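# Structural features, examined
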Amino acid sequence: MAEVILKEICKQYDNGIFAAKDISLTIRDKEFMVLVGPSGCGKSTTLRMIAGLEPITSGNLYIDGERMNEVQPKDRDIAMVFQNYALYPHMTVYENMAFGLQLRKFSKEEIRHRVYEAAEILGLTEYLERKPKALSGGQRQRVAVGRAIVRKPKVFLFDEPLSNLDAKMRVQMRTEISRLHKKLEATMIYVTHDQVEAMTMGDRITVMKDGLIQQTEAPLELYHHPVNRFVAGFIGSPAMNFIEGIISRSEGKILFSEANGPLQLELPESYSGLAELSDDGVILAGIRPEDIHMTRNGNECLVWGKALVEVCEPMGNEVFAHLTTATGNLKGHSLISRSYLETIPRHGTVADIGFDCRKFHFFDQKTGVSLANLVMQES
Ligand code: ADP
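Residues numbered from 1 in each chain as written. Predicted model: local features only at pLDDT ≥ 70, side-chain atom pairs only at ≥ 80, totals over all residues. Heavy atoms only, no water.

### Overview of the overall build of the protein chain
Formally: Helical segments are the DSSP runs of H or I of at least four residues, strand segments are the runs of E of at least two, and each set is numbered from the N terminus. Whether a residue is buried, partly exposed or exposed follows from its accessible area with a 1.4 Å probe, protein chains only, as a fraction of its type maximum: under 20%, in between, or over 50%, in that order. The criterion used for residue contact is that any of the two residues' heavy atoms lie within 4.5 Å. Surface exposure here means Shrake-Rupley accessible area, sampled with a 1.4 Å probe, where a residue is shielded only by the protein chains that are shown. For the purpose of charge, His is not counted, nor are the chain termini; Lys and Arg are scored as positive and Asp and Glu as negative. To locate a charge, take NZ of a lysine, CZ of an arginine, CG of an aspartate or CD of a glutamate.
Scanning the protein chain for helices and strands turns up nine helices and 20 strands. Taking all 379 residues of the protein chain together, the buried fraction comes to 50%. Residue pairs in contact within the protein chain that sit at least 24 positions apart in sequence constitute 65% of those at least 6 positions apart. Surface accessibility of the protein chain: about 18,500 Å² in total, with carbon and sulfur atoms responsible for 49%. Side-chain charges in the protein chain split into 44 positive and 49 negative, and the spacing between the mean points of these groups amounts to 8 Å.

### Points about the site of the ligand
Note the threshold: In these notes, residues near a molecule or strand are those with any non-hydrogen atom within 4 Å of it. Pairs of N or O atoms within 3.5 Å make up the polar contacts considered here, provided that, within protein, one atom can donate a hydrogen while the other can accept it, and that residues adjacent in sequence are counted only when both atoms are side-chain atoms.
Close contacts around the ligand come from Tyr 13, Asn 15, Ile 17, Ala 19, Pro 38, Ser 39, Gly 40, Cys 41, Gly 42, Lys 43, Ser 44 and Thr 45, and that covers them all. In the environment of the ligand, an oxygen atom lies 2.6 Å from a nitrogen or oxygen atom belonging to the backbone of Gly 40. Separating an oxygen atom of the ligand from a backbone N or O atom of Cys 41 is a distance of 3.0 Å. Coverage of the ligand by the protein amounts to 63% of the 560 Å² it exposes when considered alone. Here the element with the most residues in the shell around the ligand is helix H1 (residues 43-51); it accounts for three residues.

### Quick look at the packing of aromatic side chains
Note the following rule: Planes of paired rings set the category: under 30 degrees apart is stacked, over 60 is edge-to-face and the rest tilted, where pairs are Phe, Tyr or Trp rings (Trp by its six-membered ring) whose centres lie within 6.5 Å.
For the coordinates displayed, the defined rule picks out 11 aromatic pairs. Geometrically, the ring pair formed by Phe 158 and Tyr 190 is tilted, given 5.6 Å between the ring centres and 40 degrees between the ring planes. Of the two residues, Phe 158 sits in strand E7 (residues 155-159) while Tyr 190 sits in strand E8 (residues 187-192), which places them 32 residues apart along the sequence. Like Phe 158, the residue Tyr 190 is buried in the burial classification.

### Here we look at the pattern of salt bridges
In plain terms, the rule: Salt bridges, as used here, are contacts in which a Lys or Arg side-chain nitrogen is within 4 Å of a carboxyl oxygen on Asp or Glu.
Under the criterion given, the structure shown has 17 salt bridges. Lys 11 is the partner of Glu 54 in a salt bridge, and the nearest nitrogen-oxygen pair spans 3.4 Å. Remark: Lys 11 occurs in strand E1 (residues 4-12) and Glu 54 occurs in the loop between H1 and strand E4 (58-63); sequence separation between them is 43 residues. Considered together, Glu 54 and Lys 11 belong to a single accessibility category, that of buried residues. Look at the salt bridges and you will find they share partners, linking Lys 11, Arg 48 and Glu 54 into a network.

### A few points about helix H2 (residues 93-103)
Side chains that are three or four residues apart share a direction in an α-helix, a result of its 3.6 residues per turn. Every buried residue belonging to H2 is among Val 93, Tyr 94, Asn 96, Met 97, Ala 98, Gly 100 and Leu 101, and all of these are buried. If you follow the buried residues of H2, they end up packed against helix H3 (108-122) and helix H4 (137-149). Taken from the residues just after H2, Lys 105 is the one with a positive phi, measuring 65 degrees.

### Here we look at unusual backbone geometry
Here the amide bond leading from Ser 237 into Pro 238 is cis, since omega sits at -5 degrees, within 30 degrees of zero. Within the fold, Pro 238 resides in the loop between helix H8 (229-234) and strand E11 (241-250). Phi at Lys 30 takes a positive value of approximately 70 degrees, unusual for a residue other than glycine. Relative to the helices and strands, Lys 30 is located in the loop between strand E2 (18-27) and strand E3 (32-36). Residue class for Lys 30 comes out partly exposed when judged on its relative accessible area of 39%.

Next up, the structure:
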């Protein structure tokens, strides 16, 4: 059992900055929890407080039901893997992995057994006598992970461990860490600014902004039901499209009219509650790139508008079309559509674009809070 509980944890640095505000979060036994958010949102600070590397200003931290606030890092039964690997350059891979165990006075045989076991899991057996400088970035990071594994800690903490690797190695190490999590059945808390890492690795994801938790959910739940504009825009690549507009009723229809642009979309009756919820009808619509179509693909639920094609990026299996609804003096909105297209639309042409009307998200224009829970939506 290794459950980590944060209760109303705050961190104020000496310079007055509140890096973490009222963080309450339960990381379940054996869970892979990802803390994600833009740079400066407080995710590393939160992780470092769990590790004991930063004092907690207020609130309580429990590991396995035991209050940890004043417990020394070395006595917390956790192991941390850092972005910069933090290996000792003058030691071999074996010595780097063994060092922490030697400090803890493990027997030589036990150390040897654990290092060889970790090296086997991580494919490092043939590199045990090398020094870090003779290893690739990916191998060095594996040594850093190995050093954590040999300790057999209750909780693993990862602070942006893949940031220094090239794109291909990042993808590979992502899979390795996920596999390791399944094999070790350990509780892991992983900090990253990369939403793709968060989506692919996390059992659950906690999205943070300005020291505050925005939402904690399983990846797909987060993707499909973001609680506010920030989460909606942060999770997903390319990011969700946002269009400001006015909701109105006209002759029994529900109309969405783009602010400062020409789009007029007729929405299904299921959105009728929106007009009452929004302030003077002003609302922010969100729609993901894959829900804007450029062909009549048999989808019955498309509502059509027009947009100017600015740039098309063929990705092989799909096309990212950068569009704008701007016309004449109207500023319009920039949109991205992501779909499979047989012919790629020419830049400068006006294209028909179909919005999947079941897939709209609506947010309060001022607060950014999702109105989804308040509106009956078609499934
Ligand atoms: P993240 O990991 O999300 O990038 P951090 O937790 O590192 O964010 O930082 C959160 C906020 O706290 C930032 O505004 C940062 O500048 C500030 N901060 C981080 N470390 C310190 C420190 N040692 N002293 C003062 N302010 C800090």
